[in-house]
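An overview of the molecular structure
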Amino acid sequence: MFRSAKNHRIYLIGMAVVGVVIAIYLLGLPGGFLLDDSVNLRGLVRLAEEKNLAALGAFLFANPSGDLGRIIPMLSFALQAQAWPGSPESFKFVNILLHGLNAGLFYLLVERLLRRQRDFGDFGRQVVAGGAALIWALHPLNVSTVLYVVQRMTEMSAFFMLIGLLLYVVGRQVREDGGRHGLPLMVLGVVGGCIFGAACKENALLLPLVVISIEFTVFSNFQRSKEWYFWFISVVLFPLFLVFGYIAWNFSIWILPGYEIRNFSLAERLMTECRVIWTYLGNFIFPVPSSLGLYHDDYPISRAWLLPMTTLPAALALMASLLIAVFTRKRFPGFALAILWYLGSQCLESGAIPLELYFEHRNYFPMLGLLLGLAWELASFIKNKKYRWGSVDGRWPLGTFLLGWFSLLLAVLLVELKTWANPDVLSEVWANEHPSSIRAQSYFAARLVNGGFIDAAISRYEELQKVEPGFALLLAGIDCRMGKIYPREETFATLERLNSIHFSRVPLGGIEQFVDFAEVGRCMPMASQLIDVAAPALLENAAFSSRHFHVHVLRGRLRFSQRRFAEADVDFLAALQLRSDVEVALLRVKTAFFSGNTPRAMRLLQEAEQINSTKKISRHTYALDIENWRNLLNKNSTSELNGN
């Protein structure tokens, strides 16, 4: 009876945590789409229109975010195709639900691990676990994960990793108590968490590192059998060997070339990330609204160990923290777990891979380790009655501090949610807080255009194009919307600078904007003149070499819309020589067909089919498109014969 009551209380507290988190985060609706949302989700337009397997496959397997496809979150987005692009709140609502579920899972994980504190009462354990889950879930650092739609990938990855860790911990405790089913649960937890988590985001491949951090801290006193060593080597160490071995093997062909599009080197990235980690931790301890947000492309790069001066101390402090964690893991297991979990979970996105330097969502899963470690040490503090210093009861000042900290986090969270709920306010706040951020300024200018403040937007773009010439295309886009036919004279000189700038998505977005205009018959002369200058400049620029494929495709689409079929085919062929792509091969078929050359279109269709046959999974995506083209060409060929 008492056991049943205890179990009920566990789940009631868990459900309360989930409910509170969801209720508070609903204040962040409706908001809007941001940054990479359109890049990842624009395929939903076709899916909503066609509603067939070909469109679904094209959306699922065309995701540019990760090497493994991230198919599970993409499938969840596909289920919401009808809500794109008019209902961002529908997408964000699902994100909020997932965040609430993750908070509940984290609560269960902390509660399970705290059972190793043998003399710690059930109610105290559940309260500490619930507090840790609430602090994590309501920490303002997580806002840019939960309310940034495409970061559902991060949330879902964490969801499967938490389930995997929960299974592992339960199995570990069953094994410790002599149960036979412990080892299978441990295997299922680690393997399942890795596989399903990595199908959402590649960070989940680091789950074995987290398991190691738990094994050698809170489970450090457990006697290890032969079966444990077999499990540890085959299920924990071997996958890590594969992951880091794959990275090392492909370092020169995958990692190093990625730095061609960055304005920092590998060494500069690693030095900068030492400072970034401490910035994250500073915001974890004492967040303020001005330090939070999505756009941090203005973060200062470390060009040398003492440039800026904090670089070397930051690196030394990280190494010292790691050493302290290793050597104190038995005496202070919670403290060691917090450091090892956090740094281990950061080592992909904050390591050598040439990603951008700073994003808050990289703390979503690592921050769990900080709160779990804090919960462990707090439980140990209370259980061992370390709170008495003579006649002084230390629980009151500690409780006051924790309550004050939670109140600070909640206050900042509410400010952030109110700001995120209004895209116009959000864009202005970010532009004011990050005057050197190209993205923040660009987002604000775009919101000004949407709000009808054209003069203010033009003024903003005129300033931005001095730093980033690609903004000249966005400025010209405003002129197009205002009915102008030809671009400004100074625009051409600005666009010629594109051949020597660092990589940026801005000019590509500007070109795509004019291609979209041209395909619906708008701004044809302006689009042609601008892209005839911008495209060759980008093709000359080595920093854009990884995007030359896209430049050729975009220019080909423009030329097709202008019925310059021979020139369009030249661009599509150039794109195919850079990358074997079925969609581009089918664009060549379309070009030949509309130019009236059906026999050539049929030959090109065979080439497209050959390219498609080399694809392992995505070939099923384009099978229907190829079949539809074959039927159309056969029908057209028959009509031509009958006409003759």
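Below, the structure is looked at part by part. Residue indices begin from 1 for each chain and proceed along its sequence in written order. Local features in a predicted model are, by the rule used here, given only for residues with pLDDT of at least 70; side-chain atom pairs are given and counted only at 80 or more, and totals for whole chains, interfaces and linings are based on all residues. No hydrogens and no water enter the side-chain calculation; it runs on all heavy atoms of the structure.

Here's the deal with the overall build of the protein
Heads up, the rule is: Working definition: helices are DSSP H or I runs of at least four residues, strands are E runs of at least two. Numbering for both runs from the N terminus. Atoms counted for the radius of gyration: C-alpha only. Globule rule: 2.2 Å times residue count to the power 0.38. Accessibility here uses a 1.4 Å probe with only protein chains present; expressed as a share of the type maximum, an area under 20% marks a residue as buried, one over 50% as exposed, and anything in between as partly exposed. It only takes one pair of heavy atoms within 4.5 Å for two residues to be counted as in contact. Charge counting treats Lys and Arg as positive and Asp and Glu as negative, with His and both chain ends excluded. Think of each charge as sitting on NZ of Lys, CZ of Arg, CG of Asp or CD of Glu.
Looking only at helices and strands, the protein features 30 helices and 2 strands. In terms of C-alpha radius of gyration, the protein reaches 28 Å, essentially the compact-globule figure of 26 Å for 644 residues. With the C-alpha coordinates of the protein rotated into their principal frame, the extents come out at 100 × 55 × 45 Å. Across the 644 residues in the protein, those meeting the buried criterion constitute 53%. Looking at the protein alone, contacts between residues at least 24 apart form 74% of all its contacts between residues at least 6 apart. Separation of charge centres in the protein, based on 60 positive and 52 negative side chains, amounts to 10 Å.

A word on the state of the cysteines
In plain terms, the rule: Disulfides are defined in this document as cysteine sulfur pairs within 2.5 Å.
Per the stated rule, a full pass over the model turns up 1 disulfide. The partner cysteine of Cys480 in its disulfide is Cys523, sulfur to sulfur 1.6 Å. The chirality of the disulfide connecting Cys480 with Cys523 is right-handed, given an S-S dihedral of about 90 degrees. Here Cys523 lies in the loop between helix H24 (506-519) and helix H25 (524-540) and Cys480 lies in helix H22 (residues 471-481), a separation of 43 residues in the sequence. Judged by relative accessible area, which is 14%, Cys523 ranks as buried. As a non-bridged cysteine, Cys194 has Cys200 as the owner of its nearest cysteine sulfur, 12 Å distant. On the basis of relative accessible area, Cys194 is assigned to the buried category, the value being 11%.

Brief notes about unusual backbone geometry
Peptide bonds are mostly trans, and most non-glycine residues show a negative phi. A cis geometry characterises the amide bond from Trp84 onward to Pro85, with omega recorded as -5 degrees. Assignment of secondary structure puts Pro85 in the loop between helix H5 (71-78) and helix H6 (88-114). Cis rather than trans, the peptide bond between Leu307 and Pro308 has omega equal to 0 degrees. Positionally, Pro308 belongs in the loop between helix H14 (266-285) and helix H15 (311-327).

Topic: the side chain of Arg269
In this structure, Arg269 sits in helix H14. The exposure class of Arg269 is buried, given its relative accessible area of 0%.

Re the nonpolar core
The criterion, for reference: We define a nonpolar core as any set of buried Ala, Val, Leu, Ile, Met, Phe, Trp, Tyr and Cys residues linked to one another through side-chain atoms lying within 4.5 Å.
Among the nonpolar cores identified, the biggest contains 113 residues, and Tyr25, Phe106, Leu165, Ile214, Trp231 and Trp341 are the most heavily contacted of them. Per element, the largest residue contribution to this core is 10 residues, and it comes from H6. If we skip the residues at most four places from it in the chain, Phe106 touches Ala132, Ala133, Trp136, Leu162, Leu368, Leu371 and Leu372. Of all hydrophobic cores here, the second largest spans 31 residues; its members include Ala527, Ala534, Ala535 and Leu558.

A few points about the environment of Phe238
Inspection of the secondary structure assignment puts Phe238 in helix H12 (residues 226-249). Phe238 sits in the partly exposed class, given a relative accessible area of 43%. In sequence terms Phe238 and Met309 are 71 residues apart; their C-alpha atoms lie 39 Å from each other.

A closer look at the packing of helix H21 (residues 454-467) against H22
For clarity, the cut-off: Only the contacting stretch of a helix is used when fitting its axis, a line to C-alpha atoms as for every element, and angles between N-to-C directions run 0 to 180 degrees. Roughly parallel here means an angle under 35 degrees, roughly antiparallel means over 145, roughly perpendicular means 65 to 115, and every remaining angle is called oblique. Each crossing gets its hand from how the near helix is turned against the far one by less than a right angle, where anticlockwise is left-handed and clockwise is right-handed. All amino acids are sorted into three groups, where Ala, Val, Leu, Ile, Met, Phe, Trp, Tyr, Cys and Pro are nonpolar, Asp, Glu, Lys and Arg are charged, and the leftover types, Gly among them, are polar.
Contact pair H21 / H22: the axes reach a minimum separation of 8 Å and the direction vectors enclose 160 degrees. The pairing of H21 with H22 is recorded here as roughly antiparallel in orientation. Crossing of H21 over H22 shows left-handed handedness. Across from Ile454, Ala457, Ile458, Tyr461, Glu462, Leu464 and Gln465 in H21, the residues of H22 making contact are Phe471, Ala472, Leu474, Leu475 and Ile478. Here the residues of the contact of H21 with H22 are counted per class, giving 10 nonpolar, 1 polar and 1 charged.

Let's talk about the packing of aromatic side chains
As a reminder, the rule being used: Each Phe, Tyr or Trp ring, with Trp reduced to its six-membered ring, pairs with another whose centre is within 6.5 Å; inter-plane angles below 30 degrees give stacked pairs, above 60 give edge-to-face pairs, and intermediate values give tilted ones. Put simply, a charge is over a ring when the Lys NZ or the Arg CZ is close to the ring centre, within 6 Å, and near the line of the ring normal, within 35 degrees.
Scanning all chains against the criterion turns up 33 aromatic pairs. For the pair Trp228 and Phe232, a centre-to-centre distance of 4.8 Å together with 10 degrees between the ring planes defines the contact as stacked. With Trp228 and Phe232 both in helix H12 and 4 residues apart, this pair spans about one turn of that helix. The exposure class assigned to Trp228 is buried, which follows from its relative accessible area of 5%. Given the relative accessible area of 9%, Phe232 is considered buried. Looking at Arg579, its charged tip hangs above the ring of Phe549, at a distance of 4.2 Å from the centre.

A few points about the pattern of salt bridges
What counts, and what does not: By convention in these notes, a salt bridge is any Lys or Arg side-chain nitrogen within 4 Å of a carboxyl oxygen on Asp or Glu.
In the structure shown here, the tally under the stated rule is 31 salt bridges. The partner of Glu627 in a salt bridge is Arg630, and the shortest N-O contact between them spans 3.0 Å. With Glu627 and Arg630 both in helix H30 (residues 619-643) and 3 residues apart, the pair spans about one turn of that helix. Residue classification places Arg630 among the partly exposed residues on the basis of a relative accessible area of 24%. In the salt-bridge network here, residues are joined through shared partners; they are Glu111, Arg115, Asp122 and Arg125.

A short note on a nonpolar patch on the surface
Applicable threshold: What makes a patch is a set of residues exposed beyond 30% relative accessible area and free of salt bridges, joined within 9 Å when like-charged and within 5 Å when nonpolar (Val, Leu, Ile, Met, Phe, Trp, Tyr). What sets the accessible areas is the Shrake-Rupley method with a 1.4 Å probe; for residues, cover comes only from the shown protein chains.
Taken together, the side chains of Trp305, Leu306, Met309, Leu312, Leu316 and Met319 define a hydrophobic patch exposed on the protein surface, amounting to about 630 Å² of accessible area. Relative to the elements of secondary structure, Trp305 occurs in the loop between H14 and H15. Overall, Trp305 belongs to the partly exposed group, its relative accessible area being 45%.

Digging into the packing of H24 against helix H26 (residues 548-561)
The contact between H24 and H26 brings their axes to 9 Å, and the two run at 20 degrees. Here H24 is positioned roughly parallel relative to H26, judged by the angle of their axes. By crossing handedness, the relation of H24 to H26 is classed as left-handed. Along its contact with H24, which presents Leu508, Ile511, Glu512, Val515, Asp516, Ala518 and Glu519, the element H26 presents Val551, Leu554, Arg557, Leu558 and Ser561. Residues of the contact of H24 with H26, tallied by class, amount to 7 nonpolar, 1 polar and 4 charged.

A closer look at the environment of Ala55
Among the secondary structure elements, Ala55 is positioned in helix H4 (residues 53-61). Through-space distance from the C-alpha of Ala55 to that of Glu202 is 25 Å; in sequence the pair is 147 residues apart. Excluding residues that lie within four positions of it along the chain, Ala55 makes contacts with Arg46, Leu47 and Glu50.

So, the side chain of Asp479
Mapped onto the elements of the fold, Asp479 is located in helix H22. With near-sequence residues (within four places) excluded, Asp479 lies in contact with Lys484, Arg488 and Met526.

Structural notes on H21
Just so we agree on the cut-off: In this scheme, a helix's expected span is set at 1.5 Å multiplied by one less than its residue total. The directions considered for the arc run from the helix axis to the C-beta atoms.
Between its first and last C-alpha, H21 extends 20 Å over 14 residues, near the 20 Å set by a 1.5 Å rise per residue. Along H21, the positions that sit buried rather than exposed are Ala457, Ile458, Tyr461, Leu464 and Gln465. The buried residues of H21 all sit within an arc of 130 degrees when viewed along its axis, so they share a single face. In H21, the exposed residues that point more than 90 degrees away from the buried face are Asp455, Lys466 and Val467. Buried residues in H21 make contact with helix H20 (438-450), H22 and helix H23 (489-496).

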